[in-house]
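So the chains spell out like this:
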Amino acid sequence: MNSAGTTEILSTHTPELFQTAVLHAARLLRAGNVVALPTETVYGLAANALDAKAVAQIYEIKGRPSHNPIIVHVSDLAMAKRCVSHWPATATRLASAFWPGPLTMVLPRSDAIPDIVTAGGDTVGVRWPSHPFIQAVVRECDFPLAAPSANISNRLSPTNAAHVAAQLGDKLPFIVDGGQSQVGIESTVVDLTSTPPRVLRPGMIHTESLEATLEMPVADCRLPIAVAALKSPGLLKKHYSPRAKLFVLSWRDTAALLAQLSTLNIPPSRCGIIAHTTIPSDEQFGGVSVIPHDAEAFARAIYSELHRCDEAAVEWIIVESPPAAPEWEGIADRLRRASAEGMETRNLPIGREVC
Ligand code: TXA
Ligand code: MG
């Protein structure tokens, strides 16, 4: 909230509004405040990464455990290099292929980065996002922005300003409305301090693309999650969760889906179904939504659909199982985490177990 006790929401759809919002966000950030900003992946909760007191507010607002480090967002390579103590050749390769974009590189931290950003660790996650708004704010501030996703800890990430307002509106002075996030799930996180490099969080830049760019194998830490979580606490099993209980299932037709729900003791009328290929007839369900069957469109839409199911107060969300192809690995990972408790992770493609 601002001094008047209200949250200001500014949109950015004309050049004038965009510029006004950039200047306002930069002013608040320079004064040590936290603001919610759009990025191409999900909305972020940003503070000056060089100001430990400002970053402390991020942890407080999100209810984030202090052992979970925060990604630092930059607006060019020179700024990225100032955040780290060593810039390996692997980082040059990945940056030229995927930056600006949805890739976070974990590198040895520089002394400029306060302990609170890295949760006391000796590495820092660095990302140069492609969204023009956050780029413009970082350039205007001329300091990097620490920004986790703008949700309450362990809840679904926001992919539009309304999602942020619903979860955190009463705690923030300023939310920038930059429309729908174009990627839709969080960045791929790759650790370049280990040999071989290791994917800590899969995303839309998938492991095979990293391997092709680096011309070397990349380890994939999706499994076992418990091991990965020691390295990157955001990989804790239960994460990215809607309020409703989520199951991932596959079905041949409506009758087969109804039979599975009956076995699971789930009343169809209290289910939201999210399908991409085999669309069930919708009379008996609480709702059926359809996301196009390509990984990019699916990623862009899935969190909005999950938020919508929560708003509709369905008790169960049934998502049609994604295909077992590299471009779906980030989506499969998020669905696995969203359904991480109990027996709900049926039929999900399991990634390669390299570490
Ligand atoms: O797309 C994204 O990455 C979004 C937007 C806002 O940029 N940010 C985001 O941040 O998803 P967050 O904090 O919700 O997730 C960051 C993940 C966490 O799993 C965290 O543990 C991990 O990255 N991480 C951050 N710094 C790390 C480090 N130094 N070493 C290992 N893992 C790190
Ligand atoms: Mg997050």
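Residues numbered from 1 in each chain as written. Chains lettered and ligands numbered in written order. Predicted model: local features only at pLDDT ≥ 70, side-chain atom pairs only at ≥ 80, totals over all residues. Heavy atoms only, no water.

## A short note on the overall build of the protein
Scanning the protein from N- to C-terminus turns up 12 helices and 15 strands. Classification of the 355 residues of the protein by burial places 58% in the buried group. Here the analysis covers contacts within the protein between residues at least 6 apart in sequence; of these, 67% occur between residues at least 24 apart. When the accessible area of the protein is evaluated, it comes to approximately 14000 Å², of which 53% is carbon and sulfur surface. (Helix = DSSP H or I, 4+ residues; strand = E, 2+ residues; numbered from the N terminus. Buried < 20%, exposed > 50% of the residue type's maximum accessible area, 1.4 Å probe, protein only. Contact = heavy atoms within 4.5 Å. Areas by Shrake-Rupley, 256 points an atom, 1.4 Å probe, with all protein chains shown as cover.)

## Examining the environment of Ile 205
Looking at the element boundaries, Ile 205 is found in the loop between strand 10 (198-201) and helix 8 (207-214). For Ile 205 and Phe 98, which are 107 residues apart along the polypeptide, the C-alpha to C-alpha distance reads 8.1 Å. In contact with Ile 205, not counting residues within four places along its chain, are Phe 98, Pro 102, Leu 103, Thr 188 and Leu 210.

## Section: helix 12 (residues 329-338)
When you tally the buried positions in helix 12, you get 10 out of 10 residues, the bulk of the element. The complete set of buried residues in helix 12 reads Glu 329, Gly 330, Ile 331, Ala 332, Asp 333, Arg 334, Leu 335, Arg 336, Arg 337 and Ala 338.

## Observations concerning the pairing of strand 15 (residues 316-320)
Counting buried residues along strand 15, five of its five residues qualify, which places the element largely inside the surrounding structure. In strand 15, alternate side chains face the same way, and those of Trp 316, Ile 318 and Glu 320 on one face and Ile 317 and Val 319 on the other are all buried. Pairing between strand 12 (residues 245-249) and strand 15: five bridges, direction parallel. Among the inter-strand pairings, Val 248 is bridged to a residue of strand 15, identified as Val 319. As paired strands, strand 13 (residues 271-275) and strand 15 are joined by four bridges and run parallel to one another. Pairing of Ile 274 across the sheet is with Val 319, part of strand 15. (Pairing = 2+ DSSP bridges.)

## Let's talk about the confidence of the model for the protein
Of the residues in the protein, 88% have a pLDDT of 70 or more, and the chain-wide mean is 90. Across residues 223-229, where pLDDT falls below 50, the model places 14 contacts with residues more than four positions away in sequence or in other chains. The low-confidence segment residues 342-355 (pLDDT under 50) makes 44 contacts with residues lying over four places distant or belonging to another chain. (pLDDT = per-residue confidence, 0-100.)

## Considerations on the nonpolar core
Counting 66 residues, the largest nonpolar core has Leu 37 and Met 105 as its most contacted members. Among residues more than four places away in sequence, those in contact with Met 105 are Trp 87, Ala 91, Leu 94, Ala 95, Trp 99, Val 124, Gly 125, Val 126, Val 190 and Leu 192. Ranked by size, the runner-up nonpolar core spans 24 residues in total, among them Leu 156, Met 204, Ala 244 and Phe 298. (Core = buried A, V, L, I, M, F, W, Y, C linked by side-chain atoms within 4.5 Å.)

## Let's talk about the side chain of Ser 149
Residue placement: Ser 149 occurs in the loop between strand 7 (145-146) and helix 7 (161-168). Accessibility expressed as a relative area gives 15% for Ser 149, which makes it buried. Polar side-chain contacts of Ser 149 include one of 2.6 Å to the side chain of Asn 151. (Polar contact = N/O pair within 3.5 Å; in protein donor to acceptor, adjacent residues only side chain to side chain.)

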